[in-house]
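Here is how the chains run, residue by residue.
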Amino acid sequence: MQGFDLGTVLRPELGELAAYVPDLGEYAVRLDANEAPPVLSAAARERLAHEAVVAWERYPDPTARELRRAVACRCGVGPESVLVGVGSDEVIAALLTACVRPRGRQAATVLTTTPTFVMYRMSARVRGLEVIEVPLDAAWDLDVAGMMRAIEFASPNLVFIASPNNPTGNRMSPDRLERVIEAASGAVVVIDEAYIDYASQDQLGLYHRHPNVAILRTLSKTGFASLRVGWLIGRPELVAALDKVRLPYNVNAIAQRLATFALDELGAEMAAVTHFVCGERGRLFTELAALDGVEPWPSEANFIWIRTTRPANEVHAGLCTRGVLARSFHQRGGRLAHQLRVTVGTARENDTFLRALREVL
Ligand SMILES: *Cc1c(COP(=O)(O)O)cnc(C)c1O
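Everything in this summary refers to the structure shown in the same document. (Residues numbered from 1 in each chain as written. Predicted model: local features only at pLDDT ≥ 70, side-chain atom pairs only at ≥ 80, totals over all residues. Heavy atoms only, no water.)

When you line up the elements, Lys221 lands in the loop between strand E7 (213-218) and strand E8 (229-233). Buried charge Lys221 goes without a salt bridge, the closest partner of opposite sign being Asp89 at 7.1 Å. Within the local environment of Lys221, its side chain forms a polar contact with the side chain of Tyr195, the two groups lying 3.0 Å apart. Once you skip the residues sitting within four places of it in the chain, Lys221 turns out to touch Asn34, Ala36, Ala194, Tyr195, Tyr198 and Asn302. (Helix = DSSP H or I, 4+ residues; strand = E, 2+ residues; numbered from the N terminus. Buried < 20%, exposed > 50% of the residue type's maximum accessible area, 1.4 Å probe, protein only. Lys, Arg positive; Asp, Glu negative; His and termini not counted. Salt bridge = Lys/Arg side-chain N within 4 Å of Asp/Glu carboxyl O. Polar contact = N/O pair within 3.5 Å; in protein donor to acceptor, adjacent residues only side chain to side chain. Contact = heavy atoms within 4.5 Å.)

Another point: the layout of surface pockets. For the largest pocket, the calculated volume is near 1,400 Å³. Lining the largest pocket are 49 residues, with Tyr20, Phe117, Val118, Arg327 and Arg341 positioned closest to its centre. Elements supplying a minimum of two residues to the lining of the largest pocket: helix H3 (87-98), strand E3 (109-114), helix H4 (119-125) and strand E12 (327-328). Sorting elements by how many residues they give to the lining of the largest pocket places H4 first, with 4 residues. Taken together, the residues that form the lining of the largest pocket break down as 21 nonpolar, 14 polar and 14 charged. By volume, the second largest pocket amounts to about 390 Å³. In this structure, the second largest pocket is lined by 26 residues; those nearest its centre are Glu35, Ala36, Pro37, Pro38 and Gly223. (1 Å grid on protein atoms, 1.4 Å probe; cavity = no way out; pocket = protein on both sides within 12 Å on 5 of 7 lines; lining within 4 Å. Points joined across faces, edges and corners; volume = space filled by probe spheres on them. Nonpolar A, V, L, I, M, F, W, Y, C, P; charged D, E, K, R; others polar.)

Structure, rendered in structure tokens:
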């Protein structure tokens, strides 16, 4: 039999990428994925179970009309400005499929920061796009001059900025955001607000003021990661273009139903979850700040970005041994070799983490 070499048909970029696999080990305390702690009330859980009834043999609503209405209502925009996806990950993929007209014979370029959410790069590379990552400054804020140089040099089609940023937890300075958006007037600038419910202020005003800005949000970080529902708020022309790119029936019927219910009926419950997390975040921050060997960075998200005097991989391994999973960024080297990210969990989880950390240090 003749051999078949799959490599001759695969995209060359796949060679540089690894599949996204979270740590599947057994840990008593998992604080690695920025999920909300399980503090939803029993009553809310019961109501959700009761709502999980759909026409099993039917496809879901292809236009996700009710869910888009609920999102629009929550965000104060019209439903024609809302695109829903299987998590904001799918919306990112749709943007990277639609908004990438090649520049001459060159593949389109995507501009983002580093460190930031890895899916911007991954999703762009699997589509053969060029990616430019401009390092954040020493305070993990936007380097406006660096971003402007990249915009001038590469004319990106798309700019992704997470604010609050993952993994650093800070919001980008409003004036810097504004300057980058103005410099990137030929690009769609996506402000990823995955963590906005934990921040002191949102950035929807940027969308209202700038025709090239779109906002990304998700239910994943506030208690409904299981549903895989995220959305984009953008100009109707952009939403219409992305609508051609997304798969039909992308958001399943149960997810549409329960996400709509969560947005319409569980607003107070979700606010209680974020309020609880913000309280624990404050406590965790104070306790970390009092420890020698670690330096927490102020956070507007549901996790804390921690500088460790010892290499982060050693601290991470010590935590793992004690049953606590955090996220280390040591593989990326440089200034990230001493950075850990830990999700704010339940009070008990946070105590377990602090106890383990004290032992490790
Ligand atoms: C977690 C995360 C997302 C992904 O959210 P999903 O809706 O679960 O796909 C998007 N952006 C940032 C910055 C995140 O941290």
